[in-house]
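# Survey of secondary and tertiary structure
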Amino acid sequence: EIVLTQSPTTIAASPGEKVTITCRASSSVSYMYWYQQKSGASPKLWIYDTSKLASGVPNRFSGSGSGTSYSLTINTMETEDAATYYCQQWSSTPHTFGAGTKLELK
Amino acid sequence: EVQLVESGGGLVQPGRSLKLSCAASGFTFSNYYMAWVRQAPKKGLEWVATISTSGSRTYYPDSVKGRFTISRDNAKSSLYLQMNSLKSEDTATYYCARPPGSWGQGVMVTVSS
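The structure presented is a predicted model; accordingly, all values stated were derived computationally and were not measured.

Attention shifts here to the pattern of salt bridges. Residues and elements named next belong to chain B. For the structure shown, the criterion picks out nine salt bridges over all chains. Put simply, aspartate 90 and arginine 67 hold a salt bridge, and the shortest N to O gap is 2.7 Å. Highlighted residues: aspartate 90 in the loop between strand S8 (78–83) and strand S9 (92–98) and arginine 67 in the loop between strand S6 (58–59) and strand S7 (68–73), separated in sequence by 23 residues. Each of the two residues, aspartate 90 as well as arginine 67, counts as buried.

Our focus in this paragraph is the packing of aromatic side chains. This structure, assessed with the given rule, holds eight aromatic pairs over all chains. Each ring, one from Trp46(A) and one from Phe61(A), has its centre 5.5 Å from the other, and the planes form 80 degrees; the classification is edge-to-face. Of this pair, Trp46(A) sits in strand S5 (residues 44–48) while Phe61(A) sits in strand S7 (residues 61–66), and the two are 15 residues apart along the sequence. Here Trp46(A) and Phe61(A) have matching classes, each one buried. Measuring from ring centre to ring centre gives 5.4 Å for Phe27(B) and Tyr32(B), while their planes differ by 85 degrees; the resulting arrangement is edge-to-face. Classification of Tyr32(B) by relative accessible area gives partly exposed; the value is 31%. Joined through ring pairs, the aromatic side chains of Tyr35(A), Phe97(A), Tyr95(B) and Trp103(B) make up one cluster.

With that settled, consider the sheet that holds strand S1 (residues 4–7) of chain A. Within a sheet, neighbouring strands are paired by backbone hydrogen bonds and run either parallel or antiparallel to one another. Residue and element names in this part refer to chain A. Across the sheet, four strands lie side by side as S1-S3-S8-S7; this open sheet has antiparallel pairing. Here the strands that pair on one side only, and so sit at the sheet edges, are S1 and S7. Within the sheet, the average angular offset between the axes of one strand and its neighbour, ignoring direction, is 15 degrees. Alignment of S1 against strand S3 (residues 19–25), held across four bridges, turns out to be antiparallel. Bridge assignment links threonine 5 to a residue of S3, and that residue is arginine 24.

A word on the interface of chain B and chain A. Interface extent is often summarised as the accessible area lost during association of the parts. Listed by partner, the interface residues are 19 residues for chain B and 13 residues for chain A. Around 1,200 Å² of area is buried between chain B and chain A when both sides are counted, 72% of it from carbon and sulfur atoms. Of all residues in chain B, the largest losses of buried area upon contact with chain A belong to Leu45(B), Trp47(B) and Pro100(B), amounting jointly to 45% of the total for that side. Here chain B is connected to chain A by zero salt bridges. Our enumeration of links across chain B and chain A arrives at four residue pairs in polar contact (both at pLDDT 80 or more). Contributing elements (two or more residues each) for the side of chain B that touches chain A: strand S4 (34–39) and strand S5 (45–51) of chain B. If one sorts the elements of the side of chain B that touches chain A by residue count, S5(B) sits on top with four residues.

A separate point is the environment of Glu17(A). All names here are of chain A. Within the element layout of this structure, glutamate 17 appears in the loop between strand S2 (10–13) and S3. The exposure class of glutamate 17 is partly exposed, given its relative accessible area of 31%. With 60 residues separating them along the chain, glutamate 17 and methionine 77 place their C-alpha atoms 5.1 Å apart. Side-chain polar atoms of glutamate 17 contact the backbone nitrogen of serine 14, separated by 2.8 Å.

Let us look at the environment of Val109(B). Inspection of the secondary structure assignment puts Val109(B) in strand S11 (residues 107–111). Judged by its relative accessible area of 0%, Val109(B) falls in the buried class.

With the rule as written, the count across this model stands at two disulfides over all chains. With a sulfur-sulfur separation of 2.1 Å, Cys23(A) is cross-linked through a disulfide to Cys87(A). Since a negative S-S torsion denotes a left-handed disulfide, the Cys23(A)-Cys87(A) link at about 70 degrees is right-handed. Of this pair, Cys23(A) sits in strand S3 while Cys87(A) sits in strand S9 (residues 83–88), and the two are 64 residues apart along the sequence. In this structure, Cys23(A) and Cys87(A) share a single accessibility class: buried. A sulfur-sulfur separation of 2.1 Å characterises the disulfide bridge that pairs Cys22(B) with Cys96(B). Of note, the bridge from Cys22(B) to Cys96(B) carries an S-S torsion of about -70 degrees and is left-handed in sense. In this pair, Cys22(B) sits in strand S3 (residues 18–25) while Cys96(B) sits in strand S9, placing the two residues 74 residues apart along the sequence. Judged by its relative accessible area of 1%, Cys22(B) falls in the buried class. A relative accessible area of 0% places Cys96(B) in the buried class.

Conventions used here
Residues numbered from 1 in each chain as written. Chains lettered and ligands numbered in written order. Predicted model: local features only at pLDDT ≥ 70, side-chain atom pairs only at ≥ 80, totals over all residues. Heavy atoms only, no water. Salt bridge = Lys/Arg side-chain N within 4 Å of Asp/Glu carboxyl O. Helix = DSSP H or I, 4+ residues; strand = E, 2+ residues; numbered from the N terminus. Buried < 20%, exposed > 50% of the residue type's maximum accessible area, 1.4 Å probe, protein only. Phe/Tyr/Trp six-rings, centres within 6.5 Å; stacked < 30°, edge-to-face > 60°. Pairing = 2+ DSSP bridges. Axes fitted to C-alpha atoms, helices over the stretch in contact; angles between N-to-C directions. Contact = heavy atoms within 4.5 Å. Buried area = accessible area lost by both parts, 1.4 Å probe. Polar contact = N/O pair within 3.5 Å; in protein donor to acceptor, adjacent residues only side chain to side chain. Disulfide = S-S within 2.5 Å.

Below is the structure:
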């Protein structure tokens, strides 16, 4: 089983600040997927195939990485970005998720 | 527009069974792998099952293997999750998903006596 370790668990950022969330895989994966989830709502695909932004995602977001190390970056934090972000791999079963990173507004 | 609508959730006693359904629309259902993902209250996401386009291949994590069965009816554009021998730790919101990008609104399953 591929274990995905996200860090940090929680982070608080001020508007305009740069934010980076990392996801480390216990074994190499082909691509990483990122989801945004706000309270009471279904998760939304945010980044797919490691670096492609899903429809409607602002271009202040970016994704990068390869092998066992991946990241999601917000260039300039905005209020609406406060949410929980999960990484996930579909490369092999079980299709594991990271534990999530809660991004709060400072 | 892709739509996934789950149904069949509710309160069930430990050891009993429950079957979830997911009605899909807005895309050619038979062309896509489908999956179930769950989220326990205040917890993270957990993948539960995946099924191939024809239904001939299914995949489960150890936590539900042997108890849960994913199936599909391509003629009805419907996905199912048969859950047997339910445990309290199966209490969660269950999402139907067309990996990786489309998710339903979720249906709550509560396992309690």
